[in-house]
Amino acid sequence: MNAKPTRTRFSVLTLLFIVTAINYMDRANLSVAGSHIQGEFALSATQLGLLFSMFTWFYAMSQIPVGYLLDRIGSRWLYGSAIVLWSVFTLLMGLASHHFFTTVTASFMMLLACRALVGIAEAPSFPSNTKIIATWFPDHERARATATYSSAQYIGLALLTPALSFIVSRWGWEMSFYISGLVGIVFGIYWLIAYRDPQHSKRVNQAELTLIRQGGGYGSASQGTDNRVDWPSVRYILRQRTTWGLFIAQFAASSTLYFFLTWFIVYLEKGLHLSIDKAGIGAMFPYLMAMAGVLCGGTLSDLLLKRGRSRTFARKLPVMTGMLLTCSIALVNFFQESPAIAIAILSVAFFANAFSNLGWVVCSDVIPRHLIGTIGGFLNIFGNLSGIASPIIIGVILQRTQNFQYAMWYIAAVALAGFLAYLFLVGKIEVMTPPEGEQEAGKKEKFNTPSNA
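Only a predicted model underlies this, so the values are computations on that prediction, with no experimental measurement involved. (Residues numbered from 1 in each chain as written. Predicted model: local features only at pLDDT ≥ 70, side-chain atom pairs only at ≥ 80, totals over all residues. Heavy atoms only, no water.)

## Observations concerning empty space enclosed by the protein
Point 1. Taken as a whole, this structure holds 2 cavities of 30 Å³ or more when the rule is applied.
Point 2. In this model, the largest cavity occupies a volume close to 260 Å³.
Point 3. Surrounding the largest cavity, 19 residues form its lining, Tyr24, Gln153, Gln250, Ser254 and Leu257 being those nearest its centre.
Point 4. Looking at the lining of the largest cavity, the elements that each hand over two or more residues are helix H1 (8-41), helix H7 (139-171), helix H11 (241-262) and helix H17 (372-401).
Point 5. If one sorts the elements of the lining of the largest cavity by residue count, H11 sits on top with 6 residues.
Point 6. Here the lining of the largest cavity is built from residues that sort into 9 nonpolar, 9 polar and 1 charged.
Point 7. Every element with two or more residues in the lining of the second largest cavity is listed here: H11 and helix H14 (311-326). (1 Å grid on protein atoms, 1.4 Å probe; cavity = no way out; pocket = protein on both sides within 12 Å on 5 of 7 lines; lining within 4 Å. Points joined across faces, edges and corners; volume = space filled by probe spheres on them. Helix = DSSP H or I, 4+ residues; strand = E, 2+ residues; numbered from the N terminus. Nonpolar A, V, L, I, M, F, W, Y, C, P; charged D, E, K, R; others polar.)

## With respect to the packing of H17 against helix H18 (residues 405-424)
Point 1. Contact geometry for H17 and H18: axes closest at 8 Å, N-to-C directions at 150°. Classified by the angle between their axes, H17 and H18 sit roughly antiparallel to one another. Taken as a pair, H17 and H18 cross one another with a handedness that is right-handed. Seen from H17, the contacting residues are Ser390, Ile393, Ile394, Ile397 and Thr401; seen from H18, they are Tyr406, Ala407, Tyr410 and Ile411.
Point 2. Counted by class, the contact of H17 with H18 contains 7 nonpolar, 2 polar and no charged residues. (Axes fitted to C-alpha atoms, helices over the stretch in contact; angles between N-to-C directions. Parallel < 35°, antiparallel > 145°, perpendicular 65-115°, else oblique. Left-handed = near helix turned anticlockwise from the far one by under 90°. Contact = heavy atoms within 4.5 Å.)

## Examining the packing of aromatic side chains
Point 1. Counting across every chain of the model gives 19 aromatic pairs.
Point 2. Centre to centre, the rings of phenylalanine 10 and phenylalanine 137 are 5.8 Å apart; their planes meet at 80°, and the pair counts as edge-to-face. Residue phenylalanine 10 is located in helix H1, and its partner phenylalanine 137 is located in the loop between helix H6 (125-136) and H7; the two are separated by 127 residues in the primary sequence.
Point 3. Looking at phenylalanine 137, the relative accessible area reads 1%, which means it is buried.
Point 4. Summarising the aromatic geometry, the rings of phenylalanine 259 and tyrosine 267 are spaced 6.4 Å apart at their centres and angled 65° between planes, so their arrangement reads as edge-to-face.
Point 5. Overall, phenylalanine 259 belongs to the buried group, its relative accessible area being 1%.
Point 6. One residue, arginine 27, lies across the ring of tyrosine 24, its end atom 4.5 Å from the ring centre.
Point 7. A cation sits over an aromatic face here: arginine 27 above tyrosine 59, 4.8 Å from the ring centre. (Phe/Tyr/Trp six-rings, centres within 6.5 Å; stacked < 30°, edge-to-face > 60°. Buried < 20%, exposed > 50% of the residue type's maximum accessible area, 1.4 Å probe, protein only. Lys NZ or Arg CZ within 6 Å of the ring centre and 35° of its normal.)

## Topic: the packing of helix H3 (residues 63-73) against H6
Point 1. Interhelical geometry of H3 versus H6 gives an angle of 30° and a closest axis separation of 9 Å. In this view, H3 runs roughly parallel relative to H6, as classed from their interaxial angle. Here H3 runs over H6; the crossing is right-handed. In this structure, H3 contributes Gln63, Leu70 and Asp71 to the contact, and H6 contributes Pro127, Ser128 and Lys131.
Point 2. For the contact of H3 with H6, the residue count by class is 2 nonpolar, 2 polar and 2 charged.

Spelled out as structure tokens, the structure:
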């Protein structure tokens, strides 16, 4: 009698959904509390901008080392420790107003240091998510699984931001950091207790392990269990056109996302001339549409794969369609006097951007499992370079032109570049296996490297 496969992988997906929502709550709390912090410490706009950017600088710089660590020590300990650490640093930000800090400068330096440490500690998040999905899910479920946990970031923006705003208005900006931090610490401890890889899980049966293995997950030939990282193989993968196509597309997709994370509310107020109350209500529609977009894109990709279409077609179609439709964001330039139409256009563009959000899925499809953390670190760097570059570029454009029109053309142009990267650089979606020469060089490199005493 054959046992029915357990569904432990969906419990793992629930954990990823929750931790991603917590992740984005801890990214959003500073923007919610920003004006109150600026008022209390008399910060200039430049100082507040520096504080906003501190997370992304250190988050991006940490991607390669944490990706390497992920491939060396695994998801359970690295991710669990990271959740606890970033939550501790989030909580500590609330102490910046304590009388222990006798000067405004000391309080400001405390905020800067904690925000930088939050960025470092959050660096393993998406490489870990990708590696866990590639390990736990067969390929025909992988895009929907990624879309499901990714949707948590938009839920976090649409729902948790108003909740944080209420906390700030009722109990002060410090309390938003205390509550965010405590929630994360509790969940991080739970992660360390609850999460296991498939081979160590007591809740998964042999039938589910077979289902995962036959679908290219844990234990399959393409997703071997060797955790060693050989740099010749890394260098080989970094030389491939497909890899660079993924990097460019990730930068393009993230540029649109960071517009909605940074300049969006300002655009609604100054570009569309809405009051802050109306801007807050108007902002919810694009965020909710983005949540729908990421779920639709992942579902369509897996449905195409399940119905026999090639993995290349199933992955590329949503990405390229979404990237191309994201370019429609430039149409708002013709409807600045009609806010309802402009918000509708923004909603469609953000839906399309999220619809194309399969970069991490494709990464798990083409990168050998034992290198996903390392190569995923590079992918995340390119995604977050847009979080550094695009807000600054948009700011320079606004300062030079005094309107948002060229900024919208910039976002559309970058989205088009992502579409072209998939069209001309990303080839067949299959695992990139280094040739024998590269693999042998990697084995020699490991053999000749002395072990630590």
